[in-house]
Structures are given as C-alpha cells and as structure tokens.
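Summary of the model geometry
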Amino acid sequence: MAEAIDEVLAALPMPVLAIDGSERIVAANKEATALVGQGLAGRHYVTILRQPQLIETIAAVLQDSQPRVSQYLSNDGIEDTTYRVTARVLPNLRVVMLAFQDVSHLEQAGQMRRDFVANVSHELRTPLTALMGFIETLRGPAREDAAARDRFLDIMQGEAGRMNRLVGDLLSLSRVEGDQRVRPRKSVNLSDVVSSVARTLAPLAKDTSVVLDCDLPDHPVSLIGDADQLMQVVTNLVENAIKYGASGGRVIIKLTEVARDLSLRAPGVYISVTDFGPGIAPVHLPRLTERFYRADSHRNRALGGTGLGLAIVKHIINRHRGRLRIESELGQGATFTVVLPLDLNTV
Ligand SMILES: Nc1ncnc2c1ncn2[C@@H]1O[C@H](COP(=O)(O)OP(=O)(O)OP(=O)(O)O)[C@@H](O)[C@H]1O
Ligand SMILES: [Mg+2]
C-alpha cells in the first residue's frame, strides 16, 4: 500500500504529501521535500507544517473527511511563494492527501491589475476634478465675467484633451499588448517612416524653437515590420525629445545599418533620437518604460504627458524582437536608440 502511495505521489508534478489516521506523514514526493524539508516520513504533520491555518484545515479534514482548501506560504530567502493547498481524503488508501499548487503568479497578476486600475482612476480623476471645479466656478462667481469665462474654457479644453489622450493611449496600449505575439510580415521602408515623422512633428518643433535634423543613409533602409507601429515608436521618441529636451534647441534622428549587433547577434538597424535638454537622472532610467512612470511628474503632467508613451514603445519593440537603449547624462541630453533586427525571423 505504502509503495502505491509513493508511486502516485512521484507521478504528480507539484509538491504532494500524505497523512494517515495517526496524524503522521506517510509519504511525500521530492517536490514536497524540497518545499518543507527532508526526513518527513513518520513525523507528526504539526511539527512539519507550522502554519496555523493549514494545521487547522488538516485537523478538520482528519475529523470529518470533508475536502478543504487552505494556504501555505513559503520563502526561499529571496521571494515569497503562495501555495493553494487542497486537502482531500483518499478512502481506499486511508490517507489525507495534501497537494500544493503555486499560485504566486495569479496573486501577482491580481496585484498588477489592481495597481493598473488604481493608476488609471487616479490619472482620470485629476483632469476630471479640475473640470468639475471650473464648471462650478462658471456657474457661480465667474458667471458674468467674460474674460474669466474664456480663460476657464481654455483650461477646460486642455483638461478634456488630456483625458482624451489618456483614453487613446490606453486603447493603443491594449491593442499593442494584444498582438505582441503576432509577428509582423510586411516590408517597411524605415527611411520613409523617419522622414514622415519628421514632417508631422515639424510644427511642434517650430513652436518649441527646436531644430529637427534627420540623418539618413543615402539608400533606403527596409526591414520586416509593422509600419504603423514603427511610426508610433519614432513619433513617441521624437515627441519626447522635443517636449522634454526643448531647452537644448536641437533634436537629431539618425538611422544607421549595422552588419551585426552584439545584443541581437544579427544584422540590425538603429534608429536613435538625441536631444540636448536636461537629460534623465540614472535612478529613473530602468523604470521609464513602466506604465504611468514620469521622471518629473509635475512638470511633465503640465506638458500633457500620460506616461504611457514609452510603455507602448517598449511593447512594439518587443513585438519586433528588438531592444530599446536609453543613454543620458544629467544636463547633457538623452539618446534613445531603437535596435531592430533586419530580419526578425532570424533572431
Ligand atoms: N528625451 C527626454 N528627456 C528627458 N526626459 C524624458 C525624455 N523622454 C522621456 N522622458 C521622461 O520619461 C517619462 C516617460 O515618457 P513617456 O513617453 O512614457 O510618457 P509621457 O511623455 O509623459 O506621456 P505620453 O508619451 O503618453 O504623452 C516622461 O514623463 C519624461 O519624464
Ligand atoms: Mg511621451
């Protein structure tokens, strides 16, 4: 009988152990010993599983033979792992079997979802609160004041625009996340993409007194990719460079082909966007591509940013099997380089 239990447990891919009617552990597979320790056979379960919630559950199952679910937390010194433990009586074998299912990733996903909802709500609430405040003012104190009314309507338009951009970026992010695993198939002329972004953003550059330079190879550069998405990437980077690096007065977009990129281990194309503005402090660099992350939140909120641009950029580059490199020194400006494989089917 004991051998049969051992065989069943060994066949299961998760930590599993069995407790008999005398409350002792009679069998455990190697996943279970890795989780709770060696030398389990013959030990009382209370001395091994020292967590009150789980111990109570097991006692109850031993008492009335009804299946139950409990929890077990472990820590390997680096991170916490949460297990969902099912305790069920196997009448023929006369044991209670405990199976430990690692549910940490579910918990993490839940936490990420809650954070995301909290962030979105907060981002929407700020402009909404401003709008509601101005509506109240327009109904009350500023009712007869034409000059104030115009000024408030301008601000309201700005805030509504911000909400609109935020919703647009959220939709774009969810679309990009949705097709992240679908490989692009069409050929894209990157030289055209870069020139067209430069044309589109010329008015913004002019308004902020920034000279926008394009440095393109003298032959067209093409690769397999999604033209609209790559346009979105370059637009985002150049827009950031103009907005946040305006004080440098100049932004350079450069397209280069390389015979072999070390990180890709393949031929690649670099699109780099350089500005000469205030730069980004090193502490911010690793987090810039997180959703809603802004290096200088007050100033950048004033500039209309939602903090989603680089998160979208990152997803699109992942879809193209590329890399994003960010280099910056405070006071010297910043360079964002998109590294794309010439043929994404070979990396
Ligand atoms: N060239 C740059 N110079 C200095 N800071 C930058 C530069 N590019 C990005 N940043 C910082 O990185 C943050 C994140 O940029 P991102 O494009 O993700 O968001 P955003 O520009 O605030 O909003 P969105 O692009 O959605 O309108 C910015 O808020 C800014 O603080
Ligand atoms: Mg941006």
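Residues numbered from 1 in each chain as written. Chains lettered and ligands numbered in written order. Predicted model: local features only at pLDDT ≥ 70, side-chain atom pairs only at ≥ 80, totals over all residues. Heavy atoms only, no water.

1. Let's talk about a positive patch on the surface
Taken together, the side chains of Arg260, Arg265, Lys314 and Arg323 present a region of like positive charge at the surface. Locating Arg260 in the fold gives a position in strand β9 (residues 250-261). (Patch = residues over 30% accessible without salt bridge, like charges linked within 9 Å, V, L, I, M, F, W, Y side chains within 5 Å. Areas by Shrake-Rupley, 256 points an atom, 1.4 Å probe, with all protein chains shown as cover. Salt bridge = Lys/Arg side-chain N within 4 Å of Asp/Glu carboxyl O. Lys, Arg positive; Asp, Glu negative; His and termini not counted. Charge placed at Lys NZ, Arg CZ, Asp CG, Glu CD. Helix = DSSP H or I, 4+ residues; strand = E, 2+ residues; numbered from the N terminus.)

2. Here's the deal with helix α5 (residues 104-139)
Under the 1.5 Å per step criterion, the end-to-end length of α5 is 52 Å for 36 residues, consistent within 8% with the ideal 52 Å. Roughly 25° is the biggest bend found in α5, and it falls at Arg125, with proline Pro127 one to four residues downstream. Within α5, burial applies to Ser104, Gly110, Val120, Glu123, Pro127, Leu131, Phe134 and Leu138. (Expected span 1.5 Å × (residues − 1). Bend = angle between axes of the 7 residues up to and from the residue. Buried < 20%, exposed > 50% of the residue type's maximum accessible area, 1.4 Å probe, protein only.)

3. Some words on the pairing of strand β11 (residues 323-329)
Of the strand pairs in this sheet, β11 and strand β12 (residues 333-341) are connected by 7 bridges, and their pairing is antiparallel. Each residue of the ladder has a partner; that of Arg323, found in β12, is Val339. Hairpin remark: β11 followed by β12, antiparallel, with 3 residues in the connecting loop; positive phi at Gly331, about 85°. (Pairing = 2+ DSSP bridges.)

4. Details of helix α4 (residues 52-64)
Helix length check: α4, at 13 residues, gives a terminal C-alpha distance of 19 Å against a target of 18 Å (1.5 Å per residue), a fit within 8%. Among all positions of α4, only Leu54, Ile55, Thr57, Ile58 and Val61 are buried. Along the long axis of α4, the arc covered by the buried residues comes to 160°, so they all point the same way. Exposed residues lying more than 90 degrees from the buried face of α4 are Pro52, Glu56 and Gln63. Packing partners of the buried residues in α4 comprise β1 (16-20), α3 (45-48), β3 (68-75), β4 (80-90) and β5 (95-102). Count one or two residues on from α4 and you reach Ser65, which has phi positive near 65°. (Arc of directions from axis to C-beta. Contact = heavy atoms within 4.5 Å.)

Read these as geometric descriptors, not functional statements.
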